Amino acid sequence: MNKVFLLAKPIIHQLKAAGYEAYYVGGAVRDYILKRDIHDVDIATSATPAEVKAIFPKTVDVGIEHGTILVILEGRGYEVTTFRADTNYVDFRRPETVTFIRSLEEDLQRRDFTINAMAMDEEGKIIDPFHGQEAIQNKQIKTVGSPAERFGEDALRLMRAVRFVSQLGFELDATTEQALIKHAPLLQHIAIERIYAEMEKLLTGKYKKLALQLARNTQLFHFWPSIFNKEWILDQVLDMAIQRLNGSELWLLGLYLEADEDPQNQLKKWKLPAKEIKKLIRALSFLKWRVKNNWTTIQLYRAGSEIATMVEKLVCVLHHQEPEANIAKIKKEFADFPILHRSQLVISGNDILQWIKKSPGSWMGDLFDDLEMAILNKEIPNQREMIRKWVETWKNPSKDK
Ligand code: ATP
Ligand code: MG
């Protein structure tokens, strides 16, 4: 058995010793069978949350209303969830209330796809009432029970189906795909934050092209909030070598192709984190510039290594070129820069004031700009004495005007 399962085994063991049932469930079991990396192990149990808390000394109530308790063991947290039946679905969203039950099979039945509805016991025996292993063999994503019903209960599953295609390279089974086409408009009822979380996984999956193609063919993309909700953008993206792009780079590509006057607003519609929006907007302005110009030392320095690399990769993808050589060249230039950021200058504003004996003012910004350029162009080294001499002879060009 995989090491991550062994680490969590004492939890299963203790629950069983206390008279309850307990199993590994969900994504970890799926990924174990697929021989993929397992990131987090989830446990399902017949014990109620209160009963779970009574057994383990260290727990956190992360989602007690849904029956989930985080059990801390040797510094790691494991989600332990009481077997439950989800019934009260309202407005095509996940249920507001859940019912705790004592049957594993019923718990597996509420799960979205057959590949996600398997359990594994302490000894490594797979419990698979909905034939998830067969679906894995056939590389199929198939809902547990009627796809129309399951998409109707919780329309986020429409997105999840497509993101699993992106991560696994599987196909939807025919009835699941038909139901997805029919029920795609239900995605409108789902909070953007939840759609976005699945979209990030979709855009970073190995088979993102397959997934975007599927979203296009099933028309699911119409119900996304912006950018990739346009057929002409999807068609262009699908025509490029996007496999090598990461999530940020794909957002940037979509943003560039959309060429909207207010790109920030387009990203806000997807509720991207503010930090990511800021990075993408900066990258977009460099990309627009780079499409028409070649890099100069100063532009590379201003962009910084992360954005410059990202932009260069996109320029190559847009032009159907291999990016490796161009990126290697940029990396080499950065490695050769005396400084990568103003904060790496060995002197401070106070040093300047002591040396020039002038009251602080906007001239200092001009001086720092010139100094940065002189060092970047290797006219002087980033060294105190040399900078002092340079500062003493510095003439403010904007004052001369
Ligand atoms: P990942 O590897 O990306 O975490 P995962 O399969 O573990 O994938 P999670 O979102 O972590 O996905 O959910 C854990 C499990 O909970 C799933 O495997 C599935 O059994 C169940 N599940 C999650 N979301 C839903 C949903 N919307 N409807 C039904 N079951 C769900
Ligand atoms: Mg998971």
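Residues numbered from 1 in each chain as written. Chains lettered and ligands numbered in written order. Predicted model: local features only at pLDDT ≥ 70, side-chain atom pairs only at ≥ 80, totals over all residues. Heavy atoms only, no water.

K.L.:
Mind showing me how you'd approach the sheet that holds strand E4 (residues 68-73) here?
P.N.:
Within the open sheet, the seven strands sit side by side as E3-E4-E5-E2-E1-E8-E9. Their pairing is mixed. Whereas interior strands pair on both sides, the edge strands pair on one side only; in this sheet they are strand E3 (59-63) and strand E9 (126-127). Relative to strand E5 (residues 76-82), E4 runs antiparallel, the two being bridged by six bridges. Along E5, the bridge assignment pairs Ile69 with Val80. The sheet contacts of helix H1 (residues 3-17) involve strand E1 (22-25), strand E2 (42-45), E4, E5 and strand E8 (119-120), and relative to E1 the element is tilted by about 150°. (Pairing = 2+ DSSP bridges. Helix = DSSP H or I, 4+ residues; strand = E, 2+ residues; numbered from the N terminus. Contact = heavy atoms within 4.5 Å. Axes fitted to C-alpha atoms, helices over the stretch in contact; angles between N-to-C directions.)

K.L.:
Sorry, what's going on with the pattern of salt bridges here?
P.N.:
As a working rule, side chains carrying opposite charge can pair if their charged atoms are close by. Counted under the stated rule, the structure contains 31 salt bridges. A salt bridge links Arg216 to Glu231; the shortest N-O distance between them is 2.9 Å. Of the two residues, Arg216 sits in helix H10 (residues 208-217) while Glu231 sits in helix H11 (residues 231-238), which places them 15 residues apart along the sequence. Accessibility expressed as a relative area gives 18% for Arg216, which makes it buried. Put simply, Glu258 and Lys230 hold a salt bridge, and the shortest N to O gap is 2.4 Å. Residue Glu258 is located in helix H12 (residues 247-258), and its partner Lys230 is located in the loop between H10 and H11; the two are separated by 28 residues in the primary sequence. Because the salt bridges share partners, they merge into one network encompassing Arg84, Asp86, Asp107, Arg110 and Arg111. (Salt bridge = Lys/Arg side-chain N within 4 Å of Asp/Glu carboxyl O. Buried < 20%, exposed > 50% of the residue type's maximum accessible area, 1.4 Å probe, protein only.)

K.L.:
Teacher, can you tell me more about the environment of Ile11 here?
P.N.:
Here Ile11 lies in helix H1. Classification of Ile11 as buried rests on a relative accessible area of 0%. Among all residues touching Ile11, those that are not within four sequence positions of it are Ile43, Phe56, Val71, Leu73, Tyr78 and Val80.

K.L.:
Please explain the side chain of Ser166 as it appears in this structure.
P.N.:
If you trace the backbone, Ser166 turns up in helix H7 (residues 156-168). Among the polar contacts listed, one links the side chain of Ser166 to the backbone oxygen of Leu202, at a separation of 2.6 Å. Ser166 has contacts with Lys201, Leu202, Gly205, Lys206, Tyr207, Lys208 and Ala211, leaving out every residue within four places of it along the chain. (Polar contact = N/O pair within 3.5 Å; in protein donor to acceptor, adjacent residues only side chain to side chain.)

K.L.:
Explain the environment of Thr114 here, please?
P.N.:
Within the secondary structure, Thr114 sits in the loop between helix H4 (104-109) and E8. The exposure class of Thr114 is buried, given its relative accessible area of 4%. For the pair Thr114 and Ser146, spaced 32 residues apart in sequence, the C-alpha separation works out to 11 Å.

K.L.:
Mind showing me how you'd approach the nonpolar core here?
P.N.:
Most often, soluble globular proteins keep nonpolar side chains buried together rather than apart. By size, the foremost hydrophobic cluster in this structure holds 115 residues, and its most contacted members are Val41, Trp224, Phe228, Trp251 and Leu253. Of the residues forming this core, the biggest block, eleven residues, is contributed by helix H15 (residues 297-318). Non-local contacts of Trp224, meaning those with residues more than four positions away in its chain, are made with Met159, Leu187, Ile195, Met199, Leu202, Leu212, Ala215, Asn229 and Trp270. Counting twelve residues, the second largest nonpolar core, distinct from the first, contains Ala44, Phe83, Ala85 and Ile101. (Core = buried A, V, L, I, M, F, W, Y, C linked by side-chain atoms within 4.5 Å.)

K.L.:
Teacher, can you tell me more about unusual backbone geometry here?
P.N.:
Peptide bonds are trans in most cases, and residues, glycine excluded, mostly fall at negative phi. For Lys357, which is not a glycine, the phi torsion comes out positive at approximately 50°. Within the secondary structure layout, Lys357 lies in the loop between helix H17 (349-356) and helix H18 (363-376). Given a relative accessible area of 69%, Lys357 falls into the exposed group. In this structure, Lys378 takes a positive phi of about 60° despite not being glycine. Mapped onto the fold, Lys378 is located in the loop between H18 and helix H19 (384-392).

K.L.:
Just checking my understanding: could you explain the pairing of E2 for this structure?
P.N.:
Two faces belong to every sheet, and in a regular strand the side chains alternate between them. Note: E1 against E2, four bridges, orientation antiparallel. When the bridges of E2 are listed, Ala22 appears paired with Thr45. Where E2 meets E5, four bridges bridge the pair, whose relative direction is parallel. Bridge pairing links Ala44 to Thr81 in E5.

K.L.:
Sorry, what's going on with the site of ligand 1 here?
P.N.:
Looking at ligand 1, there are 14 residues lining it, with Arg30, Asp154, Arg157, Arg160 and Arg163 nearest. Taking Gly27, its main chain carries an N or O atom lying 3.3 Å from an oxygen atom of ligand 1. The side chain of Arg157 places a nitrogen or oxygen atom 2.8 Å from a nitrogen atom of ligand 1. Computed on the free molecule, ligand 1 has an accessible area of 590 Å², of which 81% lies beneath the protein chains in the complex. Where the shell around ligand 1 is concerned, the elements lending two or more residues are helix H2 (27-33) and H7. The biggest single contributor to the shell around ligand 1 is H7, with four residues. Residues lining the shell around ligand 1 come from more than one domain, with at least three contributed by each of domain 1 (1-135) and domain 2 (139-224). (Near = heavy atom within 4 Å. Areas by Shrake-Rupley, 256 points an atom, 1.4 Å probe, with all protein chains shown as cover. Domains from an automatic or database assignment.)

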